[in-house]
Amino acid sequence: MKAPLSWLREYVPIDLPAHELATHLALTGTEVERVAVVGVSDDPSILQFFVVGKVVACDRHPDADKLSVCSVDVGEAEPRTIVCGAPNVAAGQTVAVSLPGAVLPSGMKIGKAKLRGVASAGMILSEAELGFEAKSAGIMVLPDDWSAGAPLAQYLPLTDSVLEVEVTPNRPDCLSVRGLAREIAAITDRSFPEEESFSYATSARRAEEDVAVEVWAPDLCPRYAARVIRGVTIAQSPAWLKARITRAGMRPVNNVVDVTNYVMWALGQPLHAFDLARVRGARIIVRRAKPGEPIVTLDGVSRTLTSDMLVIADAEQPSVIAGIMGSLDSEVTEDTTDLLLEAANFHGPSIMKTSSALGLRSESSTRFEKGLDRNLVLPALEMASMMLTDICGGTVSSGTVDVLAEPAYPWDLPLRPARVEAILGKAIDQAEMRAILTSLGCAVVESDGLLLVTVPTFRRDLEREIDLIEEVARIHGLGNLPSTQPMRPEGRGGLTPDQRLRRLMTDTLQGAGLNEVVSYSFIDPEWLVRLRLPEDAAARQPVILANPLSADQSVMRTTLLPGLLATAARNLAVREERVHIFELGATFHPEGELLPRERRALGLLLLGPWEPDTWVSAAIPTDFYLIKGFLERVLAALGVEGEYQPAAEPFLHPGKSALLRLAGEDVGWLGEVHPLVLQAFDLPAGAHAAELDADALVRGARGVSLFEDLITYPAVEQDLALVVDRDLLAQRVVQAVRAAAGPLLRRVRLFDIYEGPQVPAGKKSLALRLTFRSEERTLSDEEVNQVRATLLLDIEETIGARLRG
């Protein structure tokens, strides 16, 4: 919401600079997005050139049909000659004048000039040239009682600072200048007028004689009030009103519409003005729309309504989509003389639902959908009635047609000073607490050591004692509270055990030289097709977004691989040929009853050489064993051991891929990406990828890392060359060796595989390095040889392995 500082000052004395005031608001929970300086420069040396003038004479220009030569009294000894091109300039008018030396809001500098041979010493201004409206048809005509030569800033807001405030949904009271001013008064410890009085003349004729109001849907309209004003004149608004609503972000229309907008901005209560002559049957009916009922709104769009939408109708058809926008059928026009003025309170969720369904938002709906105070209705009608009679003329019919389903009353909440101290960690004087809550519109009395707080109806967010404590804290100043640890250990921050393990995974890969990336959870469904997945594959059944941002972000990812490939393609497009990345992120699967199942996955991608070709060394390529090595580092960091088996994933190269199993469970895959997949993503051949179930790794991780003494007693190493069946997995051999060797065997490492003429056909030779160590003594050769002999007998029996001769 835009709030001009000059408007705020009408409610509260503000002596702070705009940016300092914005900081105070931000520190107390009201965010100010920016402070804009609008209008003429506030430099006095510039403002002095804007004055009030009186047109003494106005003659046609001798050489230009559309120009006038005016003699203008600006309070000097002699009138100035000013050439003017406005069609409405005339003798006797009071006008706004910029003298040579002035700078307009557009940046245009005013100086002496000759126009078609006539010297001109200034400029007669329009509202547009002062920034009061977007476009003007002529000059601005001012009231006759303004003095010639007087500073124009004495009468009009030539310069202003505008606060653009982001109001939270629970504070609709701050969606008004008055509400924001109350907040500023509390923050800056200034006085604030809680009561406003409005005076205007009324006729003997009562409003009930002019219109009848029926509310058929009190659940959606708890209050509807109407007044009648007869004899108004529709015209342009005065300059000050145009300036004010323009700087608040609205567009001047005419004096009636501008007044209703002004009141909405001032008090936060939307209003609507009907042409009384166009209200059929002199009846207003607040009802649900009929299914398929049409209405043409003020923006000229024909809309079809549903039965759960609320409308304001006359005796024949709907005139307003309640709380959102009126119809062309009942709008105020230049011929309007009698007004029906509406102020109502609507059910917020209903307005939000209707606004969303129709794709139609307005300043009114923005306020109603947050839930307004129904007690705002009558003050808004009072203010609007006074302004309309002052600006538009006319007479207000006495009384108000007010249909109220249920009154809204203030409510009481107890506030315990001891509880305030316990929550805030600081004792705050009761007098200060009373002053803070009173400044926010509450009534406070002390009773038996408690503060009994009566909450006004416009503060619907104050429901519990803790809400009052929050108000005390933010106005007292969060920066004035001591920094203390939360009493609950759970509230003191830190990582959970699972979070620490996931952090360990990313730290391990970063330490190994990979770069972490974060890709979108929303992906293009075509990406899953490019992975060559069968149509019935689980990964081809993504969660489909109901309202996607775009077609290429319309489903949620079931795997991290396409995001990694797309990231690599973007890097390759900017000539980054070495892409070594990983991602730890969520994948989504439509397996839950209500919500999709979310799994965390760890994905890796290696594209391009690990080390580039240089003048001192050849390039080091990436291959299957390099990406397997990264996975082994992660498994080692987590304290788990995996088992590898051949894979048959359609997106991996056959024969150059594997599945990783952990405790009998498939937890991931690794290998070279299939050339056709790489081609589909515009990538060269030779990329290697892996993806693991991070949740399964966390479940299987060793909880506590144990210290192992590697120095006191030395290790003994022996190499074995075992002949096994060619199809037997090396992983199975290592497992068998470990099982047979017992606790003295600390490490087994495969360092060579041989197939050739020195081993029988259908066989292969595996070279293993075994490391033995005891925590209690130095092992002798006899002990190690005995373990070795037992080991060889055992593995020959279990897997058919023989010592190579």
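See the structure above.
(A) A look at the layout of surface pockets. There is about 1900 Å³ of room inside the largest pocket. What lines the largest pocket is a set of 44 residues, and nearest its centre among them are Lys 628, Glu 632, Tyr 644, Gln 731 and Val 734. Contributions of two or more residues to the lining of the largest pocket are made by helix H17 (624-638), strand E34 (643-646), strand E35 (652-662), helix H20 (730-741), strand E39 (745-754) and strand E40 (763-772). Estimates place the volume of the second largest pocket at around 850 Å³. Breaking the lining of the second largest pocket down by element, the ones donating at least two residues are helix H7 (255-267), strand E15 (271-275), strand E21 (325-326), strand E22 (338-345) and helix H9 (363-368). At five residues, the largest contribution of residues to the lining of the second largest pocket is made by H7.

(B) Summary view of the pairing of strand E32 (residues 579-589). The buried fraction of E32 amounts to ten of the eleven residues, a majority that puts the element mostly inside the structure. Relative to E32, strand E28 (residues 515-516) runs parallel, the two sharing two bridges. Residue pairing across strands places Asn 515 opposite Ile 581, the latter belonging to E32.

(C) Representation of the sheet that holds strand E27 (residues 450-455) within the structure. The sheet built from three strands is open, its strands ordered E25-E27-E26 with antiparallel pairing. One side of each edge strand has no neighbouring strand; the edge strands of this open sheet are strand E25 (411-415) and strand E26 (443-447). Along the sheet, successive strands turn relative to each other by an average axial angle of 25 degrees, direction set aside. Where E25 meets E27, five bridges bridge the pair, whose relative direction is antiparallel. By the bridge assignment, Asp 412 is partnered in E27 with Thr 454. Strands E25, E26 and E27 of the sheet are contacted by helix H12 (residues 430-439), whose axis makes an angle of about 155 degrees with E26.

(D) Main features of the pattern of salt bridges. Tallied over the entire structure, the rule returns 47 salt bridges. Measuring nitrogen to oxygen at the nearest pair gives 3.1 Å for the salt bridge that ties Glu 471 to Arg 459. Of this pair, Glu 471 sits in helix H13 (residues 465-476) while Arg 459 is found in the loop between E27 and H13, placing the two residues twelve residues apart along the sequence. According to the relative accessible area criterion, Arg 459 is buried, its value standing at 1%. Across the salt bridge formed by Glu 591 and Arg 599, the nearest N and O atoms sit 2.9 Å from each other. Judged by relative accessible area, Arg 599 falls into the partly exposed class, the value being 24%. Taken together, the shared-partner salt bridges in this structure form one network comprising Arg 171, Asp 173, Glu 183, Arg 459, Asp 461, Glu 471 and Arg 474.

(E) Structural detail: the sheet that holds strand E30 (residues 543-544). The strand order E29-E31-E30 describes an open sheet built from three strands, whose pairing is antiparallel. Edge positions in the open sheet fall to strand E29 (522-523) and E30, since each of these has one partner strand only. Strand direction decides the pairing type here: E29 and strand E31 (residues 555-556), joined by two bridges, are antiparallel. Residue pairing in the sheet places Ile 523 in a bridge with Val 555 of E31.

(F) Broad picture of unusual backbone geometry. Here the phi dihedral of Asp 448 falls at roughly 55 degrees; this positive angle occurs in a residue that is not glycine. Along the polypeptide, Asp 448 turns up in the loop between E26 and E27. Here the phi dihedral of Arg 532 falls at roughly 65 degrees; this positive angle occurs in a residue that is not glycine.

(G) Summary view of H17. Over its 15 residues, H17 extends 22 Å from the first C-alpha to the last, a length consistent with the 21 Å expected when each residue adds 1.5 Å. All of the buried residues along H17 are Phe 624, Ile 627, Phe 630, Leu 631, Val 634, Leu 635 and Leu 638. Looking down the long axis of H17, one finds its buried residues gathered within 135 degrees of arc, a one-sided arrangement. Set apart from the buried face of H17 by more than 90 degrees, the exposed residues are Tyr 625 and Ala 636. In this structure Asp 623 caps H17, since a side-chain oxygen of it lies 3.2 Å from the backbone nitrogen of Tyr 625. Remark: Gly 639 follows H17 within two positions and exhibits a positive phi of approximately 75 degrees.

(H) Main features of the nonpolar core. By size, the foremost hydrophobic cluster in this structure holds 81 residues, and its most contacted members are Leu 8, Tyr 11, Leu 163, Val 263, Met 383 and Leu 415. Residues in contact with Leu 163, not counting those within four places in the same chain, are Met 1, Lys 2, Ala 3, Leu 8, Ala 18, Leu 21, Leu 25, Val 32, Arg 34 and Val 35. Within the second largest apolar cluster, 36 residues are counted, among which are Ile 284, Val 320, Ile 351 and Val 401.

The rules behind each value
Residues numbered from 1 in each chain as written. Predicted model: local features only at pLDDT ≥ 70, side-chain atom pairs only at ≥ 80, totals over all residues. Heavy atoms only, no water. 1 Å grid on protein atoms, 1.4 Å probe; cavity = no way out; pocket = protein on both sides within 12 Å on 5 of 7 lines; lining within 4 Å. Points joined across faces, edges and corners; volume = space filled by probe spheres on them. Helix = DSSP H or I, 4+ residues; strand = E, 2+ residues; numbered from the N terminus. Buried < 20%, exposed > 50% of the residue type's maximum accessible area, 1.4 Å probe, protein only. Pairing = 2+ DSSP bridges. Axes fitted to C-alpha atoms, helices over the stretch in contact; angles between N-to-C directions. Contact = heavy atoms within 4.5 Å. Salt bridge = Lys/Arg side-chain N within 4 Å of Asp/Glu carboxyl O. Expected span 1.5 Å × (residues − 1). Arc of directions from axis to C-beta. Polar contact = N/O pair within 3.5 Å; in protein donor to acceptor, adjacent residues only side chain to side chain. Core = buried A, V, L, I, M, F, W, Y, C linked by side-chain atoms within 4.5 Å.

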